[in-house]
Amino acid sequence: MEAKKRLNRGDRVFMISFGAGFKCNSCVWEVLRDLTTGESKENVWNHCINDYPPKSISNPFTKMYGWLQDEDPDTFKIPETFKIPDEYM
């Protein structure tokens, strides 16, 4: 939100985080200065912010292993080329 300059002075952002077990935390951040003027105009994200959000969020493994989604679990057999050798079992 900061990098895309979607926050204005006086806006508040509620942040919550969860940890393991009962650990959790929350806080409210308030924007103290306008992000479109002064020294805030040039921020650390300027060199890469136009790459986000990504144009495509496709999973690179789908191309190689997407065929697994189409298999019937009852009749599925692991191809010989994908089997783990017995020496590693």
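Our structure is the block above this text.
Residues numbered from 1 in each chain as written. Predicted model: local features only at pLDDT ≥ 70, side-chain atom pairs only at ≥ 80, totals over all residues. Heavy atoms only, no water.

Trainee: Help me understand the overall build of the protein, please; the structure alone is not making it clear to me.
Mentor: The helix and strand tally for the protein stands at one helix and two strands. Burial status across the protein gives 10% buried among its 89 residues. Here the analysis covers contacts within the protein between residues at least 6 apart in sequence; of these, 33% occur between residues at least 24 apart. Accessible surface, the protein as shown: approximately 8,800 Å² in total, 57% of it carbon and sulfur. (Helix = DSSP H or I, 4+ residues; strand = E, 2+ residues; numbered from the N terminus. Buried < 20%, exposed > 50% of the residue type's maximum accessible area, 1.4 Å probe, protein only. Contact = heavy atoms within 4.5 Å. Areas by Shrake-Rupley, 256 points an atom, 1.4 Å probe, with all protein chains shown as cover.)

Trainee: So what exactly am I meant to see when it comes to the environment of S26 here?
Mentor: The topology assignment puts S26 in strand 2 (residues 24-30). Residue class for S26 comes out partly exposed when judged on its relative accessible area of 41%. Between the alpha carbons of S26 and I16 there is a distance of 4.2 Å; along the sequence they are 10 residues apart. Residues within four places of S26 in sequence aside, it is in contact with F14, M15 and I16.

Trainee: Help me out: how do you make sense of the pattern of salt bridges in this one?
Mentor: Pairing between side chains of opposite charge can happen when the charged atoms of each approach one another. Under the definition given, this model contains one salt bridge. Note that R12 and E30 form a salt bridge whose closest N and O atoms lie 4.0 Å from each other. On the criterion of sequence distance, the pair formed by R12 in strand 1 (residues 12-18) and E30 in strand 2 is long-range, its members being 18 residues apart. Under the relative-accessibility criterion, E30 is labelled partly exposed at 44%. (Salt bridge = Lys/Arg side-chain N within 4 Å of Asp/Glu carboxyl O.)

Trainee: Quick question: what am I supposed to make of the pairing of strand 2 here?
Mentor: Remark: a regular strand shows side chains that alternate across the two faces of the sheet. By the bridge criterion, seven bridges tie strand 1 to strand 2 in an arrangement that is antiparallel. Looking at the pairing, V13 lines up with W29 of strand 2. The hairpin formed by strand 1 and strand 2 contains five residues between the paired strands, and G21 there has a positive phi angle of roughly 70 degrees. (Pairing = 2+ DSSP bridges.)

Trainee: How do you make sense of the layout of surface pockets when you look at a structure like this?
Mentor: Vacant regions in the atomic arrangement are exposed by a probe of water-molecule size rolled over the atoms. Each pocket or cavity is described by its volume, and for the largest pocket that value is around 150 Å³. L7, V13, M15, W29, E30, V31, L32 and L35 together form the lining of the largest pocket. Tallied by class, the residues present in the lining of the largest pocket amount to seven nonpolar, no polar and one charged. (1 Å grid on protein atoms, 1.4 Å probe; cavity = no way out; pocket = protein on both sides within 12 Å on 5 of 7 lines; lining within 4 Å. Points joined across faces, edges and corners; volume = space filled by probe spheres on them. Nonpolar A, V, L, I, M, F, W, Y, C, P; charged D, E, K, R; others polar.)

Trainee: What should I look at first to understand a negative patch on the surface in this one?
Mentor: A surface patch of like charges, here negative, comprises D70, E71, D72 and D74. Structurally, D74 can be placed in the segment after helix 1 (60-65). The class of D74 is exposed, set by a relative accessible area of 74%. (Patch = residues over 30% accessible without salt bridge, like charges linked within 9 Å, V, L, I, M, F, W, Y side chains within 5 Å. Lys, Arg positive; Asp, Glu negative; His and termini not counted. Charge placed at Lys NZ, Arg CZ, Asp CG, Glu CD.)

Trainee: How should a nonpolar patch on the surface be read in this particular structure?
Mentor: A grouping of F61, M64, Y65, L68, F76, I78 and F82 is seen on the molecular surface, where their side chains present a nonpolar patch of about 670 Å² in accessible area. Position of Y65 relative to the elements: it lies in helix 1. When its relative accessible area of 39% is taken as the criterion, Y65 is described as partly exposed.

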